[in-house]
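Geometric and topological summary
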Amino acid sequence: MTAPSDAPGSDLHRYLQEARDALLWKLEGLSEYDIRRPMTPTGTNLLGLVKHTAGIELGYLGDTFGRPSGEPLPWLTDAAESNADMWATAEESRAFVVSLYRRAWAHADATIAALPPDTVGKVPWWPAGRDGLTLHHAVVRVLADTQRHAGHADILRELLDGAAGASETGTSLPSTDPAWWEAYRGRLERAAREADGRV
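Residues numbered from 1 in each chain as written. Predicted model: local features only at pLDDT ≥ 70, side-chain atom pairs only at ≥ 80, totals over all residues. Heavy atoms only, no water.

This next bit is on the pattern of salt bridges. Side chains that carry opposite charge are capable of pairing whenever their charged atoms lie near each other. Following the criterion strictly, the structure yields 12 salt bridges and no others. As a salt-bridge pair, D109 and R20 come within 3.1 Å of each other at their nearest N and O atoms. Note that D109 is positioned in helix 4 (residues 94-114) and R20 in helix 1 (residues 8-25), a separation of 89 residues in sequence. Judged by relative accessible area, D109 falls into the partly exposed class, the value being 23%. Residue E32 pairs with R94 through a salt bridge whose shortest N-O separation is 3.3 Å. Of the two residues, E32 is situated in helix 2 (residues 32-36) and R94 in helix 4; the sequence distance between them amounts to 62 residues. Residues joined in a network through salt bridges with shared partners are R20, E57 and D109. (Salt bridge = Lys/Arg side-chain N within 4 Å of Asp/Glu carboxyl O. Helix = DSSP H or I, 4+ residues; strand = E, 2+ residues; numbered from the N terminus. Buried < 20%, exposed > 50% of the residue type's maximum accessible area, 1.4 Å probe, protein only.)

This is the structure we're talking about:
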């Protein structure tokens, strides 16, 4: 793990990049079906999380600061159906969504590099008069959103094939032994039953 820097902006950017990388890692090795299939009652799916997060970066760290990317995002127009940014159509390939996300990073990173943190932008989809925010605030907002969705992706991937953790090499998990996890889950189940008076 990289040591914290003296520059708050540098730390924010590092954690943002770690969350970006984690989101894409969750797609690796899975079939087209598994990266797209709805895994919750509200339809949460891995590729949709990546597509959504690309739009978040292009909006908050692009359009908000007068730096439109030029990327067409028809799923974010007024004419689009609700939640169209949270899933990929059959025509929107994995390569397309991943490439869009990587271009969104590059565009967002260029905004972060070009402007001072106290630069004030206007969020086009917020109400007039309450639509201003600083670049620092926008980076924090995007970081929080990306980390939240990386957590969603972590749970979805674990449900799909058991892969868990922040990255392939640094999972931060106490064990890789399935027997350890089975015993651990059993202990948690017993504690939950005891707390609820079921035992």
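Having seen the structure, we can now continue with the description.
Our next topic: the packing of helix 3 (residues 46-60) against helix 5 (residues 135-161). A packed helix pair is summarised by two numbers, namely the angle formed by the two axes and the spacing between the axes. Orientation of helix 3 relative to helix 5, taken along the N-to-C sense of each, is 175°, at an axis distance of 10 Å. As summarised for this structure, helix 3 and helix 5 are arranged roughly antiparallel, according to the angle between their axes. Taken together, the residues of helix 5 that come into contact with helix 3 (itself represented by L46, L49, H52, T53, I56, E57 and Y60) are A138, R141, V142, D145, T146, H149, H152, A153, L156 and L160. Here the contact of helix 3 with helix 5 is built from residues that sort into 9 nonpolar, 5 polar and 3 charged. (Axes fitted to C-alpha atoms, helices over the stretch in contact; angles between N-to-C directions. Parallel < 35°, antiparallel > 145°, perpendicular 65-115°, else oblique. Contact = heavy atoms within 4.5 Å. Nonpolar A, V, L, I, M, F, W, Y, C, P; charged D, E, K, R; others polar.)

What follows concerns the packing of helix 3 against helix 4. Two elements in contact, helix 3 and helix 4, have axes separated by 9 Å at closest approach and are oriented at 30°. Between helix 3 and helix 4, the angle is such that the two are roughly parallel. Both helix 3 and helix 4 take part in a crossing whose hand is left-handed. In contact with L47, V50, K51, T53, A54, E57 and L58 of helix 3, helix 4 contributes R94, V97, L100, Y101, A104, W105, H107 and A108. For the contact of helix 3 with helix 4, the per-class residue count stands at 10 nonpolar, 2 polar and 3 charged. (Left-handed = near helix turned anticlockwise from the far one by under 90°.)

Next up on the list: the nonpolar core. Counting 26 residues, the largest nonpolar core has L23, L24, L27, V50 and Y101 as its most contacted members. Only helix 1, helix 3, helix 4 and helix 5 provide two or more residues apiece to this core. Ignoring anything within four residues of it in the chain, the contact list for L24 reads V50, V98, Y101, R102 and W105. Residues L61, V123, V142 and L143 belong to the second largest nonpolar core, which totals 14 residues. (Core = buried A, V, L, I, M, F, W, Y, C linked by side-chain atoms within 4.5 Å.)

Looking now at the side chain of H52. Residue position: H52 is located in helix 3. Not counting residues within four places of it along the chain, the set of residues in contact with H52 comprises D85, M86, D145 and H149.

The first and last C-alpha atoms of helix 3 sit 21 Å apart over 15 residues, in line with the 21 Å expected at 1.5 Å per residue. Counting buried positions along helix 3 gives 15 out of 15 residues, so the element sits mostly inside the fold. Its side-chain oxygen 2.7 Å from the backbone nitrogen of G48, N45 forms the N-cap of helix 3. (Expected span 1.5 Å × (residues − 1). Polar contact = N/O pair within 3.5 Å; in protein donor to acceptor, adjacent residues only side chain to side chain.)

Let us now look at the environment of L58. Relative to the elements of secondary structure, L58 occurs in helix 3. Look at L58 and you get buried, because its relative accessible area is 3%. With 47 residues separating them along the chain, L58 and W105 place their C-alpha atoms 8.1 Å apart. Dropping the residues within four chain positions of it, L58 is found in contact with D63, S69, E71, L73, L100, A104 and H107.

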